Amino acid sequence: MSVDLQEHFDETIAHERRIEPRDWMPDGYRATMIRQIAQHAHSEIIGMQPEGNWITRAPSLRRKAILLAKVQDEAGHGMYLYSAAETLGAGRGDMTAKLIGGRQKYSSIFNYPTLSYADVGVIGWLVDGAAICNQVPLCRSSYGPYARAMIRICKEESFHQRQGYELLLTMMRGTAAQREMVQDAVNRFWWPSLMMFGPPDADSPNTAQSMEWGIKRHTNDELRQRFVDMSVPQAEKLGVTLPDPLLRWNDERGHYDFGPVDWDEFKAVIAGNGPCNTQRVARRKAAHDEGAWVREAAMAHARKNPERVRV
Ligand code: FAQ
């Protein structure tokens with residue numbers, strides 16, 4: 001590596017300019033970007049499963065059309081992100097093999113079951129809400145293709161969040177049983193949503209370097225706090241109780257205080273021992289295996305029309 005290349009990279013980061021695919025970058029930067037983008041892409045693809053579970057049982061045609069559109073958006077985000085990872089030299093087939101083999105992660109949140117239709121609303125409100133909170137700053141991430149992908153993804157996540165909140169507002173205007181369904185879903189998804197932001201800063205091995213490289217713009221704890229502050233008034237408006245007896249406004253800090261997250265549960269889930277890990281990965285593997293003929297047909301088609309193949 002020449003000193004000039006390293007200097008040029010450091011200057012690009014220092015001046016908040018973007019690193020582009022053909023630019024020289026340290027091996028560690030490339031590996032970190034591939035790790036984060038692959039994990040993000042896998043999350044979008046695995047994240048189709050919990051909500052996909054309810055497509056055939058949506059309560060009305062309108063809700064079904066909305067849910068179908070949302071799940072399709074998630075597939076699109078996954079494809080978009082795999083393309084961004086490919087610009088760094090990662091192979092899509094290889095990333096999928098690593099996901100299925102447990103060598104690359106996906107978000108802990110998608111290892112929890114969806115037990116009622118209220119879960120669709122709560123995933124939109126809290127899970128997409130947490131995703132937006134985490135991803136809006138990533139629109140300024142230092143790697144160009146990832147930052148640009150985030151702009152479109154965040155716009156769509158914003159629609160997802162609103163559809164979830166609107167579904168919950170509608171259910172809260174319904175019967176006592178419907179309100180109970182919403183509260184039950186909130187009780188199950190609140191703490192796992194806080195875990196989406198990753199371990200506390202003191203236990204986050206990647207944050208310091210990722211912040212130095214401009215990959216991450218805020219720490220895990222900063223974003224988690226922002227999410228709590230944003231969610232409390234939304235919960236009040238909705239009329240649900242967040243399941244945390246220690247949640248209260250702290251005038252001095254200008255933020256809500258909240259209770260301790262169960263990090264043992266988080267560690268168990270990312271180690272593969274959450275309620276649905278086995279099922280999620282098995283379904284992903286089955287879909288991949290069943291899609292083999294499509295990939296073969298696409299390759300055969302590409303060979304017949306070589307001038308249309310981009311290399
Ligand atoms: N789950 O040192 P850090 C969505 C891992 S949104 C699983 O803090 P980092 C939209 C981490 O990878 C969800 N693993 O790591 C949607 C690392 O392990 P490694 C996806 C987690 O990277 C909504 C280790 O713990 N969003 O899909 C989690 O600096 C509804 C140490 O952690 C993104 O991926 C976790 N929650 O910070 C779709 C956003 N947290 O890799 C469908 C982009 C941490 O060294 C329906 N990613 N780990 O083996 C990021 O912002 C970061 O990667 C963090 C983690 C903040 C997730």
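See the structure printed just above.
Basis of the calculations
Once a new chain begins, its residue numbering starts again from 1 and follows that chain's sequence as written. Local features are withheld for residues below a pLDDT of 70 in this predicted model, meaning they are given only at 70 or higher, and side-chain atom pairs are given and counted only at 80 or more; totals for whole chains, interfaces and linings count all residues. To obtain the side-chain values, all non-hydrogen atoms of the structure were used and water was disregarded. Secondary structure elements follow DSSP: runs of H or I no shorter than four residues count as helices, runs of E no shorter than two count as strands, and numbering proceeds from the N terminus. A contact between two residues is defined here by any heavy atoms of the two lying within 4.5 Å. Like-charged residues within 9 Å of one another, or nonpolar side chains (Val, Leu, Ile, Met, Phe, Trp, Tyr) within 5 Å, are grouped into patches, provided each residue has over 30% relative accessible area and no salt bridge. Values of accessible area rely on a 1.4 Å probe in the Shrake-Rupley scheme; residue burial ignores everything except the protein chains shown. For this analysis, a salt bridge means a side-chain nitrogen from Lys or Arg found within 4 Å of a carboxyl oxygen belonging to Asp or Glu. A residue counts as positive if it is Lys or Arg and as negative if it is Asp or Glu; His and the chain ends are not included. Where a charge lies is defined by one atom per residue type: Lys uses NZ, Arg uses CZ, Asp uses CG and Glu uses CD. A simple rule labels every residue: compare its accessible area, found with a 1.4 Å probe on the protein chains alone, to the largest value its type can have, and call it buried under 20%, exposed over 50%, or partly exposed in between. By definition, the arc is the one covered by directions from the helix axis to the C-beta atoms. When we say a residue is near a molecule or strand, we mean one of its heavy atoms is within 4 Å of it. Contacts described as polar in this section are N or O atom pairs within 3.5 Å, which, within protein, must combine one atom able to donate a hydrogen with one able to accept it, while residues neighboring in sequence count only if both atoms come from side chains. All amino acids are sorted into three groups, where Ala, Val, Leu, Ile, Met, Phe, Trp, Tyr, Cys and Pro are nonpolar, Asp, Glu, Lys and Arg are charged, and the leftover types, Gly among them, are polar.

Some thoughts on the environment of Phe110
With respect to the helices and strands, the residue Phe110 is situated in the loop between α5 (92-100) and α6 (118-135). Phe110 sits 100 residues away from Ser210 along the chain, and the two C-alpha atoms are 24 Å apart. Not counting residues within four places of it along the chain, the set of residues in contact with Phe110 comprises Ser43, Ile46, Gly47, Pro50, Val127 and Arg280.

A closer look at a negative patch on the surface
A surface patch of like charges, here negative, comprises Asp4, Glu7, Asp10 and Glu11. Within the secondary structure, Glu11 is located in helix α1 (residues 3-14). Owing to a relative accessible area of 42%, Glu11 belongs among the partly exposed residues under this scheme.

What about helix α11 (residues 263-273)?
In an α-helix, one full turn covers 3.6 residues, which means residues spaced three or four apart are oriented alike. Trp263, Phe266 and Val269 are the residues of α11 that are buried. For α11, the angular spread of the buried residues around the axis is 120°, confining them to a single face. In α11, the exposed residues that point more than 90 degrees away from the buried face are Asp264, Lys267, Ala271 and Asn273. Buried-residue contacts for α11 involve α8 (176-195), α10 (220-238) and α12 (277-290).

Some words on the side chain of Asp119
For Asp119, the location among the structural elements is in helix α6. Owing to a relative accessible area of 0%, Asp119 belongs among the buried residues under this scheme.

Digging into the site of the ligand
Neighbouring the ligand are 36 residues, the closest being Gln39, Lys105, Ser204, Lys216 and Asn220. At 3.3 Å from a nitrogen atom of the ligand is found a main-chain nitrogen or oxygen belonging to Met195. One nitrogen or oxygen atom from the side chain of Asn206 is found 2.9 Å from an oxygen atom belonging to the ligand. When isolated, the ligand has an accessible area of 1100 Å², and the protein chains bury 91% of it. Going through the elements one at a time, α2 (27-46), α4 (61-86), α6, α7 (144-172) and α11 are the ones with two or more residues in the shell around the ligand. Of the residues forming the shell around the ligand, the biggest block, six residues, is contributed by α2. Taken together, the residues of the shell around the ligand break down into 13 nonpolar, 14 polar and nine charged.

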